[in-house]
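Tertiary structure, described
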Amino acid sequence: MLRINLLPVRKIKQQFLAKRQLKFFGIAVLALLTVLALYGWILVSTVSSLTAENARLEARKKELAKIIKEIEELEKSKEQIKNQTETIKKLAKTSALTAHLLDAVAKLTPNDRMWLTTLDQSGNTMKINGMALDNQTVAEYMNKLEESPYISDVTLTNSSLRSYSGRNLKSFSLSCTVSMEDKEEKADDESGKGKK
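The present account deals with the structure reproduced in this document. (Residues numbered from 1 in each chain as written. Predicted model: local features only at pLDDT ≥ 70, side-chain atom pairs only at ≥ 80, totals over all residues. Heavy atoms only, no water.)

**Looking at the overall build of the protein**
How we decide: Only DSSP runs of H or I with at least four residues qualify as helices, and only runs of E with at least two residues qualify as strands; both kinds are numbered from the N terminus onward. Only protein chains enter the calculation, and the probe is 1.4 Å; a residue is then buried if its accessible area is under 20% of its type maximum, exposed if over 50%, and partly exposed in between. Note on contacts: a residue pair is in contact if any heavy atoms of the two residues lie within 4.5 Å. Calculation of accessible area relied on Shrake-Rupley with a 1.4 Å probe; when residues are assessed, cover is drawn exclusively from the protein chains displayed.
When you go through the protein residue by residue, the secondary structure sums to three helices and four strands. Start at the N end of the protein and walk to the C end: the helices and strands fall as α-β-β-α-β-β-α. Per-residue burial for the protein yields a buried fraction of 15% across its 196 residues. In the protein, the proportion of contacts linking residues at least 24 apart, taken out of those at least 6 apart, comes to 55%. For the protein, the exposed area adds up to about 15,900 Å²; of that, 59% sits on carbon and sulfur atoms.

**Description of the pattern of salt bridges**
Let me state the cut-off plainly: Whenever Lys or Arg places a side-chain nitrogen within 4 Å of a carboxyl oxygen from Asp or Glu, that contact is recorded as a salt bridge.
Taken as a whole and judged by the stated rule, the model has four salt bridges. Note that K107 is salt-bridged to D103, the shortest N-O span being 3.3 Å. Highlighted residues: K107 and D103, both in helix α1 (residues 9–108), separated by four residues, approximately one helical turn. The class for K107 is exposed, based on a relative accessible area of 64%. Measuring nitrogen to oxygen at the nearest pair gives 2.8 Å for the salt bridge that ties D134 to R113. In this pair, D134 is assigned in the loop between β2 (125–132) and α2 (135–147) and R113 in the loop between α1 and β1 (114–122), connecting sequence segments 21 residues apart. On the basis of relative accessibility, which here comes to 26%, the residue D134 falls in the partly exposed class.

**Here's the deal with unusual backbone geometry**
Of note in this structure, D153 is not a glycine but carries a positive phi near 50°. The topology assignment puts D153 in strand β3 (residues 151–164).

**Examining a negative patch on the surface**
The test is simple: To count toward a patch, a residue needs a relative accessible area above 30% and no salt bridge. Like charges then connect within 9 Å, nonpolar side chains (Val, Leu, Ile, Met, Phe, Trp, Tyr) within 5 Å. Counted as positive: Lys and Arg. Counted as negative: Asp and Glu. His and the chain ends are not counted at all. Note on charges: their place is set at NZ of Lys, CZ of Arg, CG of Asp or CD of Glu.
A cluster of acidic residues, E70, E72, E73, E75 and E79, forms a negative patch on the protein surface. Position of E79 relative to the elements: it lies in helix α1.

**Examining the pairing of strand β4 (residues 167–178)**
One face of the sheet, then the other: side chains in a regular strand alternate in exactly this way. Note the cut-off: Each pair of strands is called paired provided DSSP finds at least two bridges between the two strands.
Taking burial as the measure, the twelve residues of β4 include nine buried ones, the bulk of the element. Pairing analysis gives eight bridges linking β2 to β4, with the strands arranged antiparallel. Across the sheet, A132 pairs through a bridge with K170, a residue of β4. The pairing of β3 with β4 spans eleven bridges and is antiparallel. Of the residues in β4, the one forming a bridge with S152 is T177. Connecting the antiparallel pair β3 and β4 is a turn made up of two residues, with S165 showing a positive phi of about 55°.

Listed below in structure tokens is the structure:
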């Protein structure tokens, strides 16, 4: 028996083309989904590696923060030690200066013509109060003090006549500058600066 296909040929071709296009569209969508899945997997992998790197860096930051804190504490300790050392040096210099001053004043004071009532050193200033037989003794004493390498700028700040044990004596007050640096060294330094 003979069969005749009565369907139009165009319709069959259109159906065939539609199926073909549908296949290509399905393949394209599948390829796109595959690419998107691959891209998503790469992003997740990158995010996880960045998260791990961030955690490692945070741990390192904490370690370094501890080290920085220790360094800051050491710097503070170093500064305190430096300040203490400077204070000790100043005290040693001051005590040495005081010893030199007392020695110089004791040696230069004429015991038979004058005596001292007070001696006060504060920083690089020294004040001397005392009693003398006359003005000449005070003047000679001031000159002797000027010759000391530790004493300079001796100034008479007060002088008055005072009765003591039935005698009229000179009461005096002196002010002077004191320094550990030798006067000759100062003069050499100043002349050297003047030449430059």
